[in-house]
Amino acid sequence: MDNLVTLTIDGKTARVPRGTLLVEAAKTVGIHIPVFCYHEKMKPYGACRMCMVEIAPGPPMPGTACTTPVAEGMVVKTTSPMAVSAQKSTLEFLLLNHPLDCPVCDRGGECPLQDNTFGFGGAESRYLEEKRHYEKPLKLSDEVLLDRERCILCYRCVRFTREIAGDESLTVIERGTDSQIGLAPGRTFDSPFSGNTIEICPVGALTSSRYRFAARPWDIRSIATVCPHCSVGCNVRADVRNGEIKRFLTRDNPGVDDGWLCDRGRFGFGFPFDGERLTRPLARKNGQLVPVSWSEALEAIQAGISGIIEQSGSAAVAGLAGCQLTNEDLFAFRRLIRETLGSPNLDHTIEPHPATPLGADAPTGSMQAIERSNVIVLIGADTLSDWPVLNLRVKKAIDRGAKVVVLGSQPLDVNAAPYREVFVNTGGDDSAVLSAISRLLPAEIDAARERRRQAAEAAADRAFADAVKRAHDAAVAKAKEANQDEPAAYASVDEGATRYGVNRPAPLPAPPLRTRGRDALVASLTDAAAPGVSVDTLASMARLVGGGERVSILYPREYGADAKFLTAVTNFGLLCEAFGREGAGIFPLVRETNQQGAIDIGVMAGQGGIAGAGLVEAIESGKVQGLFLAGRDLAGANLDALAKLRFLVVQDFRLTQAAARAHVVLPGLTFAEKDGTYTNLDRRIQRLRVCADAPGEARPDWRIFRDIGNAFGGDAYEQSAEEMLASIAASTPDYAAVTLGKLGYKGVQWPYANPDGAGSRTLHDGREFDLLPINGLR
């Protein structure tokens, strides 16, 4: 059956999928229907009545375009006298008590109520009475303020918190004309997504305490960039006034953030402007850090590091980078340490690294596809706390019927109840539970595959029977039209198929398995046990996971440093074929902003080199005597160890604890001044754009590393972030075709070796893997 319907809107023919709402159908033919309560990412509600249009066939009264699905032959008029009168009346009622304070309202100049009033309302108000007044603003939280006089009760904020964020804090209190938005009794508005209600409010009733009276739309400069606060890499619009970011707004990228921001990202834009920035190079003289010129700083570094290399060799020097650095910064840092200075001692973290049994140290799937998963396994991954916007994907999958298995020492909150099909307290031994489930998985997977095959075959048989019936009905109709005898009914579907030439579909084979060695793995796990976990619980988990056609497995990347866990989780994922398929994936989640970029570019120890996990011990033993610390601070015992270094260079944007102990301190940049790229947790390379001028003499970090390298005899002469990215592409195969122009405003996922392609949402497409021996990783 054709899934498209044809209708007419203001004389234009639209052909859209069945079930499309009128308001969306109108957009396909360039017609705008005004709305307030409607939001494309939430369920239709029909509260404001702004979208009233004339619909035929139907009763002689206007209908709401935001709740009415299209129908074949429907005729819609958005500018008929009936529709115009309804829209104008709606605006008049909404404005009865709405204050006319546009000149001082933060929403002024970008307000849907303003726009709709100018476009669809009357020229003047007939209402002369006193408007309603409330004390304002009402503080819902430290970040969100409510002006109840402006509220038109569209319920967007309440619906967002319930449908999207999974929070019940906001509600409608009082009744009738006294109805107003407020906090539910005993609740506080502490949702990690509360700031989204400010942005989706169509009338300026909800405002940001940080942005209140801070700027107007016509005196800001908007820049498309990326949030710097976690590895999700949400896309943001930075609004800048007088050289300072005043707010972050969402910049909808369906592949990353689905149009939402967490509060940590939305309100965390101010640190580059807090007055604590380094603005000049510093060098230690007579025990004190004092401002010096760039040439003096570079000379001091060249002298200090050269002395160490001459006496103890290049292996006595190390580099440790932070993950707020861009890919361009990290590449230049790696080149400085590994190539120019010749040291294998390099890292971007002091945590140990996992092995890479599948060949790529990255997730095999994409964040966007998680919402299509049937089963999601969370192993110690507190998505709500550590990757909040990723958590919204998990919740979206749950809302669509996905089942969740939680492994760990405590339940996890994903703001969706009920969300746990199975929670197992592993007592810290996740690998034992994974192995015990893996022993049971093949049988459950095979049974589920057979059930799906049989269901698909039954559906094909039904479609075959329907095709035969349609052929027979057509023959009957043709005979009637020709006044001929009608064909006799067919005795069986096969007879009818033969009579009318309908081909029966071929039997559906089971799809081939893409993992080898299942029997050997099961045999090796015969004695696998999970102390404290009942056999029934393990069986129910295996049944649940094995029954999922698309399984996503999420865990913190650092868990993989335990070889036993990495073997268990990799085999678990391979058995589920969580690779090379949409809606399935093995996700070792990195935590820091550009940690995936650091991994991709190779900011890790070379052969025989000292990694970050062994750096402090190497400093204390005297193996490492000189250290470059770039965008990374240390604390506690790790910080104390720096005192044993002969020479310490710190490059950062503020005077950190480590910088206070350095011999030379160099002023770098924050995300606000950087031009370059970040790579998020699912391999998406995205553009970071300059929002503000660098303070004082601070320089791009890649340029500083380039200049230090050249002081040691290097010959790097890139002049821009774009040229730095070209150098990355030339040496990193997965980035081979990446340019700033190709990234655009949405970014691309590596591997990106084809300049005409769109990147790769999944890894290992079409590949087969051998399961790992349970004692195979060391």
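This is a predicted model, so every value here is computed, not measured. (Residues numbered from 1 in each chain as written. Predicted model: local features only at pLDDT ≥ 70, side-chain atom pairs only at ≥ 80, totals over all residues. Heavy atoms only, no water.)

Draft legend 1. Expanded view of the sheet that holds strand β3 (residues 52-56). Here five strands make up an open sheet; going across it, the order is β2-β1-β5-β3-β4 and the pairing mixed. With partners counted over all chains shown, the strands left at the sheet margins are β2 (12-17) and β4 (63-64), one partner each. Examined bridge by bridge, strand β1 (residues 4-9) and β2 share six bridges and lie antiparallel to one another. Bridging across to β2, valine 5 finds its partner in valine 16. Helix α2 (residues 81-94) contacts β3 and β5 (75-77) of the sheet and is inclined by roughly 155° relative to β3. (Pairing = 2+ DSSP bridges. Helix = DSSP H or I, 4+ residues; strand = E, 2+ residues; numbered from the N terminus. Contact = heavy atoms within 4.5 Å. Axes fitted to C-alpha atoms, helices over the stretch in contact; angles between N-to-C directions.)

Draft legend 2. Representation of the environment of cysteine 66. Along the chain, the position of cysteine 66 falls in the loop between β4 and β5. In this structure, the C-alpha to C-alpha distance between cysteine 66 and glutamate 24, residues 42 residues apart in sequence, is 8.0 Å.

Draft legend 3. Representation of helix α20 (residues 701-711). Across the 11 residues of α20, eight count as buried, placing the element largely inside the fold. Among all positions in α20, only Asp701, Trp702, Ile704, Phe705, Arg706, Asp707, Ile708 and Gly709 are buried. Of the residues flanking the end of α20, it is glycine 713, one or two places downstream, whose phi is positive at about 100°. (Buried < 20%, exposed > 50% of the residue type's maximum accessible area, 1.4 Å probe, protein only.)

Draft legend 4. Seen up close, the sheet that holds strand β27 (residues 676-679). Spatially, three strands are ordered β27-β28-β29 in an open sheet, and the strand pairing comes out antiparallel. Lying at the two open borders of the sheet, with one neighbouring strand each, are β27 and β29 (748-749). Helix α8 (residues 327-340) rests against β27 and β28 (684-688) of the sheet, and its axis sits at about 90° to β27.

Draft legend 5. Fine view of the layout of surface pockets. Computed from the structure, the largest pocket encloses a volume of approximately 680 Å³. Considering the residues around the largest pocket, the lining is formed by 37 residues, among which Arg107, Ile198, Glu199, Ile200 and Thr250 are closest to the centre. Within the residue set of the lining of the largest pocket, elements represented by two or more residues are α1 (22-28), α5 (196-200), β10 (206-208) and β13 (244-250). In the lining of the largest pocket, the residues fall into 14 nonpolar, nine polar and 14 charged. Roughly 570 Å³ of internal volume is contained in the second largest pocket. (1 Å grid on protein atoms, 1.4 Å probe; cavity = no way out; pocket = protein on both sides within 12 Å on 5 of 7 lines; lining within 4 Å. Points joined across faces, edges and corners; volume = space filled by probe spheres on them. Nonpolar A, V, L, I, M, F, W, Y, C, P; charged D, E, K, R; others polar.)

Draft legend 6. Main features of empty space enclosed by the protein. Within the structure shown, the criterion is met by five cavities of 30 Å³ or more. Its volume calculated, the largest cavity comes out at about 170 Å³. For the lining of the largest cavity, the secondary structure elements donating two or more residues are α16 (563-575) and β23 (585-589). Its residues placed into classes, the lining of the largest cavity shows 10 nonpolar, four polar and two charged. Empty space within the second largest cavity amounts to approximately 110 Å³. Across the lining of the second largest cavity, the residue classes break down as 13 nonpolar, one polar and one charged.

Draft legend 7. Highlighting the packing of aromatic side chains. A complete count under the given rule lists 10 aromatic pairs for this structure. With centroids separated by 5.1 Å and ring planes inclined at 90°, the aromatic side chains of phenylalanine 579 and phenylalanine 769 adopt a geometry described as edge-to-face. Note that phenylalanine 579 is positioned in the loop between α16 and β23 and phenylalanine 769 in strand β30 (residues 769-770), a separation of 190 residues in sequence. Phenylalanine 769 matches phenylalanine 579 in its accessibility class, with the two residues each being buried. One aromatic cluster in this structure is built from Phe248, Phe269, Phe271, Phe653 and Phe671. The ring of tryptophan 750 has arginine 683 sitting right over it, with the charged end atom 5.7 Å from the ring centre. (Phe/Tyr/Trp six-rings, centres within 6.5 Å; stacked < 30°, edge-to-face > 60°. Lys NZ or Arg CZ within 6 Å of the ring centre and 35° of its normal.)

Draft legend 8. Broad picture of the state of the cysteines. Enumeration over the complete set of coordinates arrives at zero disulfides. Considering cysteine sulfurs only, cysteine 201 is the nearest to cysteine 154, which forms no disulfide, with 6.2 Å between them. With no disulfide of its own, cysteine 691 has cysteine 227 as its nearest cysteine by sulfur position, at a separation of 12 Å. Of the residues examined, cysteine 691 reaches a relative accessible area of 1% and is grouped as buried. (Disulfide = S-S within 2.5 Å.)

Draft legend 9. Layout of the environment of leucine 358. On the secondary structure map, leucine 358 appears in the loop between β17 (346-347) and α9 (367-370). Taking C-alpha positions, leucine 358 is 9.9 Å from phenylalanine 579, a pair spaced 221 residues apart along the chain. With near-sequence residues (within four places) excluded, leucine 358 lies in contact with Thr364, Thr570, Leu574, Ile586, His764, Arg767 and Phe769.

Draft legend 10. View of the pattern of salt bridges. Enumeration according to the criterion identifies 54 salt bridges in this entry. A salt bridge links glutamate 276 to arginine 654; its shortest N-O distance comes to 3.9 Å. Of this pair, glutamate 276 sits in the loop between α6 (263-266) and β14 (282-285) while arginine 654 sits in the loop between β25 (647-652) and β26 (664-667), placing them 378 residues apart in sequence. By relative accessible area, which is 53% here, glutamate 276 ends up exposed. What makes arginine 654 partly exposed here is its relative accessible area of 23%. Residue arginine 687 pairs with aspartate 675 through a salt bridge whose shortest N-O separation is 2.9 Å. In this pair, arginine 687 is assigned in strand β28 and aspartate 675 in the loop between β26 and β27, connecting sequence segments 12 residues apart. (Salt bridge = Lys/Arg side-chain N within 4 Å of Asp/Glu carboxyl O.)

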